[in-house]
Amino acid sequence: MLGEFDLVEPTSVAEASEVLARHGDAARIYAGGTELILAMKEGLIRYDYLVNVKTIPGLAGVRVNDDGTLRIGGATSHRALERDPLVRERFPVIARMESDVANVRVREVGTLGGNLCFAEPHADPGTLLMLFDATVRIERKGGARTIPLEQLFVGPFETCLEPDEVLTEIVVPPLPVHSGSAYLKFGFLERPSVGVGVAVTTDDGRVREARIAVGCVGPVPRRMREAEAALAGQTAAESRNTLAEAGRIAARASDAITDLHGSADYKEHLVGVLLRRAFEQALASSDGSGAP
Ligand SMILES: Cc1cc2nc3c(=O)[nH]c(=O)nc-3n(C[C@H](O)[C@H](O)[C@H](O)COP(=O)(O)OP(=O)(O)OC[C@H]3O[C@@H](n4cnc5c(N)ncnc54)[C@H](O)[C@@H]3O)c2cc1C
């Protein structure tokens with residue numbers, strides 16, 4: 001049962017931060033509430049004050065800079081991202097991933113900022129956005145910092161945010177020209193068991209750069225740089241021969257853990273399978289020689 005709490009509706013990030021700082025552990029940011037309210041109803045956590053960041057003007061929304069960089073407000077819902085014409089046109093892989101998060105009721109109110117800040121390991125956006133070298137802007141009263149998204153995740157349900165900090169923006173640079181990308185996931189429970197994102201940039205028939213991110217299987221989503229290096233510089237044909245080895249490297253580096261979603265061995269196997277499929281899809285959409 002949900003206990004009593006005060007709902008604070010700030011009109012600026014500074015005001016939200018001030019309330020959070022004033023009440024310490026008794027206060028928490030509230031966006032869509034799809035995680036927070038659930039955990040409070042279960043009695044797992046309790047707060048006297050919930051600070052609703054959705055009332056802050058300008059914190060939800062999407063825009064694309066002249067250089068093609070996508071800027072997503074921290075309180076933007078999954079549904080808004082899934083439907084946004086600019087995201088669908090310029091970052092279709094993100095729109096597709098968002099359209100497959102949870103169910104439409106959760107997507108309608110759940111926000112990207114809430115998803116990232118909850119740091120539940122079985123989530124999709126963090127893994128995919130890492131492929132783009134996304135950064136996040138974090139603000140508090142009197143200061144702001146921008147960090148790579150990879151650094152946000154410290155452990156399961158743990159980020160590097162201070163209690164009075166608000167994630168205000170996710171900044172997603174475009175991939176280089178001649179790039180293709182794909183995000184694939186597998187799961188049989190409510191949330192994904194394994195998620196793999198791949199971006200491939202081709203140049204004259206070669207893989208100039210491969211980016212690989214793996215999520216859900218271990219404590220935090222991660223870029224797999226050793227596996228990426230194994231594929232870089234190869235022709236499409238050579239890279240296909242290297243995929244099994246790249247899959248093994250990524251599986252080892254993913255720190256897979258055994259849980260309700262499956263054994264660590266099983267998840268490692270799936271990392272290899274999804275990596276190979278995602279690589280093929282990314283290559284095929286990269287204007288490179290991989291197109292069927
Ligand atoms: C049934 C179900 C199925 C799901 N399936 C999937 C799935 O397939 N894939 C997937 O990726 N996710 C899945 N999810 C997770 C879902 O995406 C998240 O619940 C949602 O994105 C969280 O957003 P929210 O706005 O509701 O966060 P809230 O519940 O409001 O907040 C979550 C946490 O983030 C903090 N927070 C929120 N916004 C900010 C901010 N701007 N700055 C700092 N801290 C902040 C809050 O203090 C809280 O600790 C599922 C959830 C449910 C309930």
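Residues numbered from 1 in each chain as written. Predicted model: local features only at pLDDT ≥ 70, side-chain atom pairs only at ≥ 80, totals over all residues. Heavy atoms only, no water.

### Re the sheet that holds strand 1 (residues 6-8)
The condition is simple: Two strands are said to pair when DSSP picks up at least two bridges between them. By definition, any uninterrupted DSSP run of H or I lasting at least four residues is a helix, any uninterrupted run of E lasting at least two residues is a strand, and each is numbered from the N terminus. To get an axis, fit a line to the C-alpha atoms, keeping to the stretch in contact for a helix; angles then go from 0 to 180 degrees between the N-to-C directions.
Spatial strand order, 1-3-2: three strands in an open sheet with parallel pairing. Each edge of the open sheet is held by one strand with a lone partner, namely strand 1 and strand 2 (27-30). Averaged over all adjacent pairs, the angle separating strand axes in this sheet is 30°, with direction ignored.

### Here we look at the packing of aromatic side chains
What counts, and what does not: We call Phe, Tyr and Trp rings a pair once their centres come within 6.5 Å, taking the six-membered ring for Trp, and we label the pair stacked below 30 degrees between planes, edge-to-face above 60, and tilted otherwise. For every residue, the accessible area obtained with a 1.4 Å probe (protein chains only) is divided by the maximum for its type, and the residue is called buried under 20%, exposed over 50%, and partly exposed between those limits.
Scanning all chains against the criterion turns up three aromatic pairs. A ring pair is formed by Phe 91 and Phe 132, whose centres lie 5.7 Å apart and whose planes are at 55°; its orientation type is tilted. Residue Phe 91 is found in the loop between helix 4 (85-90) and helix 5 (92-99), and its partner Phe 132 is found in the loop between helix 8 (125-131) and strand 6 (135-140); the two are separated by 41 residues along the sequence. With relative accessibility at 3%, the residue Phe 91 sits in the buried group.

### Comments concerning helix 12 (residues 264-284)
Think of an α-helix as turning once every 3.6 residues; residues three or four places apart then point the same way. Keep this limit in mind: Expected helix span is computed as 1.5 Å times (number of residues minus one).
For helix 12, built from 21 residues, the straight-helix expectation of 30 Å at 1.5 Å per residue is met to within 8% by its first-to-last C-alpha distance of 30 Å. Every buried residue of helix 12 is accounted for by Ala 264, Lys 267, Leu 270, Val 271, Gly 272, Val 273, Leu 274, Leu 275, Ala 278, Phe 279, Ala 282 and Leu 283.

### Description of the site of the ligand
Worth spelling out the cut-off: By convention in these notes, a residue is near a molecule or strand provided one of its non-hydrogen atoms lies within 4 Å of it. In protein, a polar contact means a hydrogen-donor-capable atom and an acceptor-capable atom, both N or O and within 3.5 Å, with residues adjacent in sequence counting only if both atoms are side-chain atoms; elsewhere, any N or O pair within 3.5 Å suffices. Computed by Shrake-Rupley with a 1.4 Å probe, the accessible areas treat only the displayed protein chains as cover when residues are assessed. Gly is placed with the polar residues, together with every amino acid not listed as nonpolar (Ala, Val, Leu, Ile, Met, Phe, Trp, Tyr, Cys and Pro) or charged (Asp, Glu, Lys and Arg).
Around the ligand sit 30 residues in total, of which Ile 29, Gly 32, Thr 34, His 78 and Thr 111 are the nearest. At a separation of 3.0 Å, an oxygen atom of the ligand approaches a polar side-chain atom of Arg 28. Within the backbone of Ala 102, an N or O atom sits 3.2 Å from an oxygen atom of the ligand. Starting from 980 Å² of accessible surface for the ligand in isolation, the protein chains cover 96%. When residues in the shell around the ligand are grouped by element, the largest group, five residues, is from helix 7 (residues 112-118). Split by residue class, the shell around the ligand holds 15 nonpolar, nine polar and six charged.

### Focus: the nonpolar core
What counts, and what does not: By nonpolar core is meant a set of buried Ala, Val, Leu, Ile, Met, Phe, Trp, Tyr and Cys residues that side-chain atoms within 4.5 Å join together. Domain delimitation in this document rests on an assignment produced automatically or drawn from a domain database.
Core analysis: the largest hydrophobic core is formed by 35 residues, its most contacted members being Ile 94, Phe 132, Leu 149, Leu 152, Ile 170 and Val 172. Elements with a minimum of two residues in this core: strand 5 (70-73), helix 5, helix 7, helix 8, strand 6, helix 9 (149-152) and strand 10 (166-172). Per-domain counts for this core show at least three residues from each of domain 2 (62-172) and domain 3 (179-284). Listed in part, the 30 residues of the second largest apolar core include Ala 182, Val 200, Val 217 and Ala 278.

### Notes on the confidence of the model for the protein
The criterion, for reference: As a per-residue quantity, pLDDT reports the predictor's confidence and falls between 0 and 100. By definition in these notes, contact holds between two residues if any of their heavy atoms fall within 4.5 Å.
Within the protein, residue pLDDT values average 96, and 98% of them lie at 70 or more. Long-range and interchain partners of residues 288-292, a stretch whose pLDDT sits below 50, account for ten contacts in this model, where long-range means more than four residues apart.

### What to know about the pairing of strand 11 (residues 179-186)
Counting buried residues along strand 11, six of its eight residues qualify, which places the element largely inside the surrounding structure. For strand 11 and strand 12 (residues 194-203), the ladder comprises eight bridges, and the chain directions are antiparallel. Paired with Tyr 183 across the bridge in strand 12 is Gly 197.

### A short note on a nonpolar patch on the surface
The following threshold applies: Patch rule: a residue counts if its relative accessible area is over 30% and it has no salt bridge; like charges are joined within 9 Å, and nonpolar side chains (Val, Leu, Ile, Met, Phe, Trp, Tyr) within 5 Å. Salt bridges are defined as contacts in which a side-chain nitrogen from Lys or Arg sits within 4 Å of a carboxyl oxygen from Asp or Glu.
A contiguous nonpolar surface patch, about 520 Å² in accessible area, is contributed by Phe 186, Phe 188, Leu 189, Leu 260 and Tyr 266. Mapped onto the elements, Tyr 266 comes out in helix 12. Judged by its relative accessible area of 34%, Tyr 266 falls in the partly exposed class.

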